[in-house]
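An overview of the molecular structure
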Amino acid sequence: MHDTEDREKSYKWVANLIKDHVRKMEEERKQWAKHIACYRGDAYRQGRELTEGGAADVTGNHLFAFTDSLLASVCPPNPEVTINARKEKLKRAAAMRQALVNDFLQRNNMGEALWRLASRAVIYPRSFIKVVWSTKKGRPLIRIIPANRIFFDQTADDWDDIRYIIEATTLTKGQFKKRMRRKGRKGGFYRHDCMDERLWVVVYEVYDLVGERFYHCAEGVEKPLYEGELPYQLLSNPFFRLAFNDNLEDLSGMSDASLVYDNIKQLNELATLRNWHARTSIPVPVIHEGLLDDPDEFMDALE
C-alpha cells in the first residue's frame, strides 16, 4: 500500500513538473523566435512590407555574421584527441583509447555536430548534446537537441547535481502504436490503454536522476506510458549542456543573441532611416505649364 502511494505521488510530481515547464517554455519561445528571425535576416522586415515606405526597410544580417565568426573561432573543423600515457607500460592502451575516441568523433561527424551545438548556444541561452546507443549500428551516436525540447532542474549549482531532465519527443501515430503492448506483438512497452488518436503525439521522456527512474509521459494521460530504470547504467544523464554566458542566477544560461538583439534592431532602424532619407532627397522636376508655349513639345524634348 505504501509503495502504491509513493508511486502515485511520483506520477503526480512528474505530471506537474511537465506542466510547469511547458508553460514556462511557451513564454521563452516567443523571445527565442525573435532571435531566430534576426539570425535569418527577417526580424526587422517582418510585418513592415505593407506599411508606407516599407520598401525602404533594411535588415542587416548582423547576428548571422556574428555567429559565423564566433563558430569559426571555437569549433575545430576536424576535432581529434591525443591521449598520453603516464607510464611506459600503458602506452599501448593509451594508443588504443586514442584510436577509439577519434573513430567515434569521425563516425559521428563531430565537426559538424559541434558547429550545430555552438550555433544553437548563441541563438538560444543553451544547447544540448545527447549520447545514445544504436543497437542497429552497435555504437554510440551523437544527437544535438535544441533548447526548446529540453526541460531540466535549473536550480542546481552544477550540471552534475541536477535532479531531473526531460526531453520532449514527437512521434507519429504509427510510431506510437508500435510502442504499445499488445498480444502477439514483440517489443511494445507502452500501456495498451493509452492510445492517442492524434496524428502527432508529444512524448516526454523523464529522467529522474535522484530516484533513478525513467518515465515516458504524454499530455492528457494521468499515468506514465512507461516506467522503468534509467536506460544507461554507467551514464545516468546522457545529456551535456553548453552555455557560452552565465546569467548569474541559475543554469539556464544567457544567449549572445539576447545581448546584441536591441543593438541590431537599432542598427536596422538607422539604416532604414538613412535609406528613406536618401530616397526622399532625390530631386523631383516640377513643370509650370503656364510658362511654356507648348508643354507637350517640352515634355517630348525632356524625355
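Report on the accompanying structure.

Rules behind the numbers
- Residues numbered from 1 in each chain as written.
- Predicted model: local features only at pLDDT ≥ 70, side-chain atom pairs only at ≥ 80, totals over all residues.
- Heavy atoms only, no water.
- Core = buried A, V, L, I, M, F, W, Y, C linked by side-chain atoms within 4.5 Å.
- Buried < 20%, exposed > 50% of the residue type's maximum accessible area, 1.4 Å probe, protein only.
- Helix = DSSP H or I, 4+ residues; strand = E, 2+ residues; numbered from the N terminus.
- Contact = heavy atoms within 4.5 Å.
- Pairing = 2+ DSSP bridges.
- Axes fitted to C-alpha atoms, helices over the stretch in contact; angles between N-to-C directions.
- Phe/Tyr/Trp six-rings, centres within 6.5 Å; stacked < 30°, edge-to-face > 60°.
- Patch = residues over 30% accessible without salt bridge, like charges linked within 9 Å, V, L, I, M, F, W, Y side chains within 5 Å.
- Areas by Shrake-Rupley, 256 points an atom, 1.4 Å probe, with all protein chains shown as cover.
- Salt bridge = Lys/Arg side-chain N within 4 Å of Asp/Glu carboxyl O.
- Lys, Arg positive; Asp, Glu negative; His and termini not counted.
- Charge placed at Lys NZ, Arg CZ, Asp CG, Glu CD.
- 1 Å grid on protein atoms, 1.4 Å probe; cavity = no way out; pocket = protein on both sides within 12 Å on 5 of 7 lines; lining within 4 Å.
- Points joined across faces, edges and corners; volume = space filled by probe spheres on them.

This part is about the nonpolar core. One broad trend across soluble globular proteins is that nonpolar side chains are buried collectively. Residues Ile-165 and Ile-166 are the most contacted members of the largest nonpolar core, which totals 30 residues. Sorting the residues of this core by element identifies helix H1 (2–40), strand E3 (150–152), strand E4 (164–172), strand E5 (200–208) and strand E6 (213–218) as the ones contributing at least two each. In terms of residues, this core owes the most to one element, H1, which gives 6 residues. Non-local contacts of Ile-165, meaning those with residues more than four positions away in its chain, are made with Ile-150, Phe-151, Phe-152, Trp-159, Glu-205, Val-206, Tyr-207, Asn-237 and Phe-239. In terms of nonpolar packing, the next biggest core, distinct from the first, is built from 11 residues, Leu-71, Ile-123, Ala-257 and Ile-264 among them.

Our focus in this paragraph is the sheet that holds strand E2 (residues 139–145). Strand order in the open sheet formed by 3 strands is E2-E1-E8, and the pairing between neighbours is antiparallel. Every interior strand has two partners, whereas the edge strands, E2 and strand E8 (239–242), have only one. Averaged over all pairs of adjacent strands, the angle between their axes in this sheet comes to 25°, without regard to strand direction. Bridge count between strand E1 (residues 127–134) and E8: 4 bridges; the pairing is antiparallel. Paired with Phe-128 across the strands is Arg-241, a residue of E8. Contacting E1, E2 and E8, helix H4 (residues 110–123) runs over the sheet at an angle of about 25° to E2.

Quick look at the packing of aromatic side chains now. All chains considered together, the criterion is met by 11 aromatic pairs. Among the aromatic side chains, those forming a connected cluster through ring pairs are Tyr-207, Phe-214, Tyr-226 and Phe-239.

Here we take up a negative patch on the surface. A cluster of like negative charges, contributed by Glu-289, Asp-293, Asp-294, Asp-296, Glu-297 and Asp-300, occupies part of the molecular surface. Within the element layout of this structure, Asp-294 appears in the loop between helix H6 (256–280) and helix H7 (295–302).

Bringing empty space enclosed by the protein into the picture now. Applying the stated criterion to the full structure yields 1 cavity of 30 Å³ or more. Each pocket or cavity is described by its volume, and for the largest cavity that value is around 50 Å³. Considering the residues around the largest cavity, the lining is formed by His-21, Lys-24, Met-25, Glu-28, Arg-126, Ile-150, Phe-151, Phe-152 and Gln-154. Of all elements in the fold, only H1 and E3 reach the threshold of two or more residues within the lining of the largest cavity. Counting residues per element, the lining of the largest cavity draws most heavily on H1, at 4 residues.

Right, let's get into a nonpolar patch on the surface. A cluster of nonpolar side chains, Ile-287, Phe-298, Met-299 and Leu-302, forms an exposed patch at the surface whose accessible area comes to about 330 Å². Take Ile-287: it is sitting in the loop between H6 and H7.

Residues apart from glycine generally show negative phi values, whereas peptide bonds are mostly found in trans. Look at Glu-212: it is not a glycine, yet its phi comes out positive at around 55°. The residue Glu-212 is located in the loop between E5 and E6 in this model. Classification of Glu-212 by relative accessible area gives exposed; the value is 52%. In this model, Leu-248 sits at a positive phi of 70°, which is unusual for a non-glycine residue. Along the chain, Leu-248 falls in the loop between E8 and H6. Judged by relative accessible area, Leu-248 falls into the exposed class, the value being 76%.

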